[in-house]
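One letter stands for each residue in the lines below.
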Amino acid sequence: MLQATVKLCCGIAHDHLRRLPGLKLTAVAAIQRDVRGLVLSGSHQLPSEIPCYIQRLMGKDAARCTEPGGDVSTHRFSSTDLSYIHQGERALQRALSILQHPPSWQAEAVLVKAPEPISFTCHKSSGAFGGAGLTWCCAPQDAGAAVSSAVLPGLGRVFRVEAVLAAPVGRLHRELFEELEQMPRWNPSLSRVEVLQRLGEDTLVTHEVTATSPVGRRDFVSVRHRRRAQAAVYLVGTAARLERLPAQEDCVRAETRLSCIALQPLAGDPGCTRVTWLLSVDLKGWIPAAVTDRVLPRCQADFIGHLRRHLSATARP
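How each quantity is defined
Position labels on residues start from 1 in each chain and follow its written sequence. Only residues with pLDDT of at least 70 get local features here, since the model is predicted, and only at 80 or more are side-chain atom pairs given and counted; chain-wide, interface and lining totals rely on the full set of residues. The basis for every side-chain value is the complete set of heavy atoms in the structure, and neither hydrogens nor water enter the calculation. The aromatic pairing rule takes the rings of Phe, Tyr and Trp, using the six-membered ring of Trp, and pairs them if the centres are within 6.5 Å, calling planes under 30 degrees apart stacked, those over 60 edge-to-face and the rest tilted. A run of H or I in DSSP counts as a helix once it spans at least four residues, and a run of E counts as a strand once it spans at least two, with each numbered from the N terminus. Only protein chains enter the area calculation, which uses a 1.4 Å probe; residues under 20% of their type maximum are buried, those over 50% are exposed, and those in between are partly exposed. Think of it this way: DSSP has to see at least two bridges between two strands before they count as a pair. Salt bridge criterion: a side-chain nitrogen from Lys or Arg within 4 Å of a carboxyl oxygen from Asp or Glu. Note on terminology: a nonpolar core comprises buried Ala, Val, Leu, Ile, Met, Phe, Trp, Tyr and Cys residues joined through side-chain atoms within 4.5 Å. Contacts are assigned to residue pairs that have any heavy atoms within 4.5 Å of one another. To obtain an axis, a line is fitted to C-alpha atoms, over the contacting stretch when the element is a helix, and the angle between two such axes runs from 0 to 180 degrees between their N-to-C directions. Under this scheme an angle from 65 to 115 degrees is roughly perpendicular, one under 35 degrees roughly parallel, and one over 145 degrees roughly antiparallel; angles in between are oblique. For any helix crossing, the convention is left-handed if the near helix is rotated counterclockwise from the far helix by under a right angle, and right-handed if that rotation is clockwise. Following the grouping adopted for this structure description, the nonpolar residues are Ala, Val, Leu, Ile, Met, Phe, Trp, Tyr, Cys and Pro, the charged ones are Asp, Glu, Lys and Arg, and the polar ones are all others, Gly among them.

Account for the packing of aromatic side chains, naming residues and giving values.
According to the stated counting rule, one finds 2 aromatic pairs in the structure shown. Ring geometry for W186 and F303: centres 5.7 Å apart, planes at 55 degrees, overall tilted. With a gap of 117 residues between them, W186 in the loop between α6 (169–178) and β7 (190–199) and F303 in helix α7 (residues 289–313) connect regions that are remote in the sequence. One exposure class covers both W186 and F303, and it is buried. Members of the aromatic cluster, joined through ring pairs, are W186, W277 and F303.

Account for the pairing of strand β12 (residues 255–266), with residues named and values stated.
Examined bridge by bridge, strand β10 (residues 232–239) and β12 share 5 bridges and lie antiparallel to one another. Considered in β12, the bridge of G237 is made with S259. Here β12 pairs with strand β13 (residues 269–282) via 11 bridges, running antiparallel. Bridge pairing in β13 links C260 to L278.

Lay out the pattern of salt bridges with the relevant residues and their values.
Evaluation of the coordinates by the stated rule reveals 14 salt bridges. Here E208 makes a salt bridge to R224, at a shortest N to O gap of 3.6 Å. On the criterion of sequence distance, the pair formed by E208 in strand β8 (residues 203–210) and R224 in strand β9 (residues 218–229) is long-range, its members being 16 residues apart. Classification of E208 as buried rests on a relative accessible area of 5%. Judged by relative accessible area, which is 22%, R224 ranks as partly exposed. Notably, a salt bridge pairs R241 with E255, separated by 3.0 Å at the nearest N-O pair. Highlighted residues: R241 in the loop between β10 and β11 (252–253) and E255 in strand β12, separated in sequence by 14 residues. In this structure R241 comes out as exposed when scored by relative accessible area, which is 65%. Ionic contacts of the salt-bridge type, sharing partners, join the residues E178, D202, R226 and R228 into one network.

With reference to specific residues and values, describe the nonpolar core.
Among the nonpolar cores identified, the biggest contains 38 residues, and L172, L176, L263, F303 and L307 are the most heavily contacted of them. In terms of residues, this core owes the most to one element, α7, which gives 7 residues. Other than its neighbours up to four places away in sequence, L176 contacts M183, W186, L235, I261, L263, F303 and L307. Counting 18 residues, the second largest nonpolar core, distinct from the first, contains L92, L96, L155 and C260.

I'd like to hear about the environment of W286, residue by residue, with values.
With respect to the secondary-structure elements, W286 resides in the loop between β13 and α7. Put simply, W286 and V252 are 34 residues apart on the chain and 9.8 Å apart in space, counted from C-alpha to C-alpha.

Residues and numbers for unusual backbone geometry, please.
One non-glycine residue, Q230, adopts positive backbone phi at about 55 degrees. Mapped onto the elements of the fold, Q230 is located in the loop between β9 and β10. Here Q230 falls in the exposed class, since its relative accessible area comes to 85%. Its identity is not glycine, yet K284 carries a phi of approximately 60 degrees, on the positive side. Structurally, the position occupied by K284 is in the loop between β13 and α7. Under the relative-accessibility criterion, K284 is labelled partly exposed at 31%.

Summarise the pairing of strand β6 (residues 156–165); cite the residues concerned and give the values.
By the bridge criterion, 8 bridges tie strand β5 (residues 145–152) to β6 in an arrangement that is antiparallel. Within β6, the residue paired with V147 across the bridge is V161. Bridge count for β6 against β13 is 7 bridges, and the pairing is antiparallel. Bridging across to β13, V161 finds its partner in W277.

If you had to explain the packing of α6 against α7 to someone new, which residues and values would you point to?
Interaxial distance between α6 and α7 falls to 12 Å at its minimum, and their mutual angle equals 120 degrees. Judged by the angle between their axes, α6 and α7 are oblique. Pair α6 / α7 crosses with right-handed handedness. Here R171, L172, E175 and L176 of α6 lie close against α7, whose contacting residues are F303, L307, H310 and L311. The residue makeup of the contact of α6 with α7, split by class, is 5 nonpolar, 1 polar and 2 charged.

Give me the environment of C299: which residues, what numbers.
Residue placement: C299 occurs in helix α7. Residue classification places C299 among the partly exposed positions, given a relative accessible area of 40%. Along the sequence, C299 and S189 sit 110 residues apart, while their C-alpha atoms lie 8.3 Å from each other.

Have a look at this one:
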């Protein structure tokens, strides 16, 4: 039914209307904008992949459509650029589907360094990291980050961290997207972040290199995409292929299956933001999945801690 309706509205069901690209483009833009609005508002009647389905149905013409606040506006993008933009859109729709229809999340244990203050009972680990100074415990609530996980089809284990940060959505949006290359200044787990391409206002192709860690150094090539919906902001990322940037000699090229940071104003206090971060990563190399499942929750909790300290240190009076 949807396919027939779209074809009718776009004027491609009749040969004499195929010669009217302006009508077709206008119709596709209007339908895609309205349908995406329903998806973002949480309608349970529409699958989240419908906006991308409309693009596939219309082919190259849909890629040229213009919509308010959207990335794709003219023919200035190459087919490769458009594939990155559409990849970001698909990652966004997948993340929204998880957020709107959450699975059964299970609380995660988090690996904590001994020097950090711990206000609850924990026990020493004897797993792959085994060494001194590492303990297993539940994510400390007073640290403001709760970590959980679920196994999802096509993604494997997805980790979710939830926190409330004392900064408005706009400030976090700026730190995590617009000023992305400055992140290593306050996040010691990263040694370099570079924006390789800016595709419109909402899509980036980036290269990130981690600092040395117990699992070695990793680098990531990612498509990053943002969507602003009412007062919320969604920042998504997924692995990208970039032939001109082969794997670095001293790094293992890892892949982000899906990353999504949802920023929403805290109810009753718009000066604070509720952060929900979904993450699924393949670290590649020799690392077993069991070790990855222990490292990633710690990395997420550390990230929130570094971000919290950065916001506090740079807060304006």
